[in-house]
Amino acid sequence: MSSAKTDIATPMANLKVNGKTVDMPVRSGTVGPDVIDVGRLYKETGCFNYDPGFTSTANCSSRITYIDGDAGMLLHRGYPIDQLAEQSNFLEVCYLLLHGELPNAAEYEEFMLGITRHTMLHEQMTRFYTGFRRDAHPMAVMCGVVGALSAFYHDSTDINDPEQRTIAARRLIAKMPTIAAMAYKYSVGQPFIYPRNDLDFSANFLQMCFAVPCGPYTVDPVISRALDRIFILHADHEQNASTSTVRLAGSSGANPFACIAAGIACLWGPAHGGANEAALNMLNEIGTVDRIPEYIKKAKDKTSGFRLMGFGHRVYKNYDPRAKVMQKTCHEVLDALGTRDEPLLQVAMELERIALEDDYFVEKKLYPNIDFYSGITLRAIGFPVEMFTVLFAVARTVGWVAQWKEMIEDPEQRIGRPRQLYIGAPVRNYVPFSNRG
Ligand code: CMC
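Residues numbered from 1 in each chain as written. Predicted model: local features only at pLDDT ≥ 70, side-chain atom pairs only at ≥ 80, totals over all residues. Heavy atoms only, no water.

K.L.:
Looking at this model, I keep getting lost on the nonpolar core. Mind explaining?
P.N.:
In summary, soluble globular proteins display a tendency toward joint burial of nonpolar side chains. With 119 residues, the main nonpolar core has V146, F205, L308 and F383 as its most contacted residues. Here the element with the most residues in this core is helix α18 (residues 388-408); it accounts for 14 residues. Not counting residues up to four positions away in its chain, the partners in contact with F383 are F205, L206, C209, F210, L227, L378, F388 and L391. By size, the runner-up hydrophobic cluster in this structure holds five residues, among which are V17, V22, M24 and L41. (Core = buried A, V, L, I, M, F, W, Y, C linked by side-chain atoms within 4.5 Å. Buried < 20%, exposed > 50% of the residue type's maximum accessible area, 1.4 Å probe, protein only. Helix = DSSP H or I, 4+ residues; strand = E, 2+ residues; numbered from the N terminus. Contact = heavy atoms within 4.5 Å.)

So this is what it looks like as structure tokens:
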């Protein structure tokens, strides 16, 4: 294939298939790689594009998030993630992702109140929880309860009504922490704690998780700020697996609550959001610094089936910029709690040091990702490992919702329907039982 500029306005890529040359437009974004629009490929050549795992396939155009994986850069609406993590707060980032611009003071106030007023769950929904086993994984509970939202909020399921889309978006962002905290409370056998409108997003989440009715609960501002930053770091990450799942589910016209439940199911996997839980479990298993070489060796051995969890990324071929902020946040939290000598932190830091000097990891450009330090931080705050991916889901909800809204509002949007390379049996006649060997 060659790329040639056939006229000034539309650069074209030429593809020669079976002796026929087809021209396909090359489209440019504001930054980042161009794309070759292969939409007419099948019509013109009878061939499909084959790209398992979408390593070279863009499925949409988007204005929300940009990643430069080689530079280790992540921008939301153009703003670098480290600036947002340092200077903004989670709700402001939610507004930015949803609306495209930072809010002025009045817009922020209106948005914040809109979220705060939607934090309570329909009381009847609390009864779902008792249907789950106490030892159910909270992500299983999240899939069920979030999917059930569409059975309760009928006035925000019409995807063609912009007002209803906005209400659904706010409901999801607002109710997700309540649903998550209730999943945690149910698992530890404690009563549900209702949201408090006088607290900010992260402080309210902490009190819903850790307060009990029999005594006062004071939110530690250092911890609540750290959690807020963790939420910012997880808020969106362009077309990752769960976001693409939400877009695909939404492309059929399904309601937003159902789509987000699909995103939660996808996030659960250990190659995606489940990696934070898997990374902490791995650090626990390693246990002490002297055992690190054994695990590095195992991670390099393809027959072991073992990977260093919290390492590597499809897009980042450099240090994940979120991991840098997360590492700093981890130190801040451990300092604030007086647990700086936490043995797992020593294991993590030494593991990172050794891996970053090892030829295997250097050559494959495998760096720590966001999940490497998040587990240690969340555990220090008091969350059990099963809750880690749940917290990821709480934060990512805004990204899912913003991407879902963008898709619905995109005039190019069509139902997502990938094609395949069929390698099964060709047509054959049915054979009755009596004639089968
Ligand atoms: N440990 C050891 N080897 C690895 C690792 C790892 N963590 N990650 C990738 N590799 C190797 C892999 O074996 C392959 O080697 P080769 O080229 O010799 O076959 C090469 O690096 C490329 O890996 P890949 O599987 O083709 O890359 P991918 O883009 O399909 O997968 C990934 C990306 C994140 C799933 C993978 O790096 C991984 O499994 N990491 C561990 C799980 C993890 O931490 N996931 C969290 C991702 S960040 C949070 C999020 O966005 O969800």
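K.L.:
When you look at the site of the ligand in this model, what are you seeing that I'm missing?
P.N.:
What surrounds the ligand is a group of 21 residues, the closest being H272, L308, G310, R314 and K364. Within the backbone of L308, an N or O atom sits 2.7 Å from a nitrogen atom of the ligand. Side-chain polar atom of R314 to an oxygen atom of the ligand: 2.7 Å apart, as the coordinates give it. Look at the ligand: alone it shows 940 Å² of surface, and the protein chains cover 76% of it. A class-by-class count of the residues in the shell around the ligand yields 10 nonpolar, six polar and five charged. (Near = heavy atom within 4 Å. Polar contact = N/O pair within 3.5 Å; in protein donor to acceptor, adjacent residues only side chain to side chain. Areas by Shrake-Rupley, 256 points an atom, 1.4 Å probe, with all protein chains shown as cover. Nonpolar A, V, L, I, M, F, W, Y, C, P; charged D, E, K, R; others polar.)

K.L.:
Looking at this structure, I do not really get the pairing of strand β3 (residues 20-27). What am I missing?
P.N.:
Looking down a regular strand, the side chains alternate between one sheet face and the other. Sheet analysis places strand β2 (residues 12-17) next to β3, joined by six bridges and oriented antiparallel. In the sheet register, L15 faces β3, and the bridge partner there is V22. In sequence, β2 turns back onto β3 through a hairpin of two residues, with N18 there showing a positive phi of about 45°. Sheet analysis places β3 next to strand β4 (residues 35-36), joined by two bridges and oriented antiparallel. Looking at the pairing, R27 lines up with V35 of β4. (Pairing = 2+ DSSP bridges.)

K.L.:
Sorry if this is basic, but what is going on with empty space enclosed by the protein here?
P.N.:
Throughout the structure, instances matching the rule amount to one cavity of 30 Å³ or more. For the largest cavity, the calculated volume is near 40 Å³. If you trace the largest cavity, you find it lined by L98, H99, F111, T166, A169, R170 and K405. Contributing elements (two or more residues each) for the lining of the largest cavity: α3 (90-99) and α7 (162-188). Broken down by element, the residue count for the lining of the largest cavity peaks at three residues, all from α7. (1 Å grid on protein atoms, 1.4 Å probe; cavity = no way out; pocket = protein on both sides within 12 Å on 5 of 7 lines; lining within 4 Å. Points joined across faces, edges and corners; volume = space filled by probe spheres on them.)

K.L.:
Would you explain the packing of aromatic side chains in this entry?
P.N.:
Aromatic ring pairs: the centre-centre distance and the angle between the two ring planes describe each pair. Summed over the entire model, instances satisfying the criterion amount to 18 aromatic pairs. Aromatic side chains F90 and F231 sit 5.5 Å apart centroid to centroid with 50° between the ring planes, which places their arrangement in the tilted category. Placement of the pair is F90 in helix α3 and F231 in helix α9 (residues 221-234), with a sequence separation of 141 residues. The exposure class of F90 is buried, given its relative accessible area of 1%. (Phe/Tyr/Trp six-rings, centres within 6.5 Å; stacked < 30°, edge-to-face > 60°.)

K.L.:
What's the story with the layout of surface pockets in this structure? I'm lost.
P.N.:
Gaps left between atoms are located by rolling a probe of water-molecule size over the structure's atoms. Its boundaries defined by the atoms lining it, the second largest pocket holds a volume of some 310 Å³. Around the second largest pocket sit 22 residues that line it, and L91, L199, D200, F201 and S202 are the ones nearest its centre. Mapped onto the lining of the second largest pocket, the elements with two or more residues apiece are α4 (105-116), α7, α8 (201-210) and α9. It is α4 that provides the largest number of residues to the lining of the second largest pocket, a total of five residues. Its residues placed into classes, the lining of the second largest pocket shows 10 nonpolar, seven polar and five charged.

K.L.:
Is there a simple way to explain the pairing of strand β6 (residues 73-76) in this structure?
P.N.:
As paired elements, strand β5 (residues 65-68) and β6 share four bridges and run antiparallel to each other. By the bridge assignment, I67 is partnered in β6 with L74. Counted between consecutive antiparallel strands, the loop separating β5 from β6 contains four residues, among which G72 sits at a positive phi close to 70°. Where β6 and strand β7 (residues 79-80) come together, two bridges link them in antiparallel fashion.

K.L.:
What's the story with the environment of V289 in this structure? I'm lost.
P.N.:
Relative to the helices and strands, V289 is located in the loop between α12 (275-286) and α13 (292-300). Taking the C-alpha atoms as reference, V289 lies 35 Å from Q207; in sequence the two are 82 residues apart. Ignoring sequence-local partners within four residues, the contact set of V289 consists of Q346, V347 and E350.

K.L.:
Help me understand the side chain of N255 in this model?
P.N.:
Mapped onto the fold, N255 is located in the loop between α10 (241-251) and α11 (256-267). Residue classification places N255 among the buried positions, given a relative accessible area of 19%. There is a polar contact of 2.9 Å between the side chain of N255 and the backbone nitrogen of F257. Once you skip the residues sitting within four places of it in the chain, N255 turns out to touch S150, T157 and I159.

K.L.:
I would appreciate a short explanation of a nonpolar patch on the surface in the present structure.
P.N.:
Taken together, the side chains of Y50, L421 and I423 make up a nonpolar region of the molecular surface, amounting to roughly 420 Å² of accessible area. Relative to the assigned elements, Y50 resides in the loop between α1 (41-45) and β5. Looking at Y50, the relative accessible area reads 60%, which means it is exposed. (Patch = residues over 30% accessible without salt bridge, like charges linked within 9 Å, V, L, I, M, F, W, Y side chains within 5 Å. Salt bridge = Lys/Arg side-chain N within 4 Å of Asp/Glu carboxyl O.)

K.L.:
How should helix α15 (residues 343-357) be read in this particular structure?
P.N.:
Because the α-helix completes a turn every 3.6 residues, residues three or four places apart line up on one side. For α15, with 15 residues, the first-to-last C-alpha span of 22 Å sits near the 21 Å given by 1.5 Å per residue. Inspection of α15 places L344, L345, V347, A348, L351, E352 and A355 among the buried residues, and these make up the whole buried set. Considered in projection along α15, the buried side chains sweep an arc of 160° and stay on one side of the axis. Of the exposed residues in α15, the ones pointing more than 90 degrees away from its buried face are P343 and E357. Close packing links the buried residues of α15 with α12, α13, α14 (321-337), α16 (359-363) and α17 (371-381). Looking at where α15 begins, the residue whose side-chain oxygen comes 3.0 Å from the main-chain nitrogen of L344 is E342. (Expected span 1.5 Å × (residues − 1). Arc of directions from axis to C-beta.)

K.L.:
What's the story with the pattern of salt bridges in this structure? I'm lost.
P.N.:
By the definition in use, this model includes 19 salt bridges. Among the salt bridges present, the one from K300 reaches D358, with a minimum N-O distance of 2.9 Å. In this pair, K300 sits in helix α13 while D358 sits in the loop between α15 and α16, placing the two residues 58 residues apart along the sequence. Between E409 and K405 there is a salt bridge, and its shortest N-O distance comes to 3.8 Å. Here K405 falls in the buried class, since its relative accessible area comes to 12%. Among the charged side chains, a network of salt bridges with common partners joins R27, D37 and E412.

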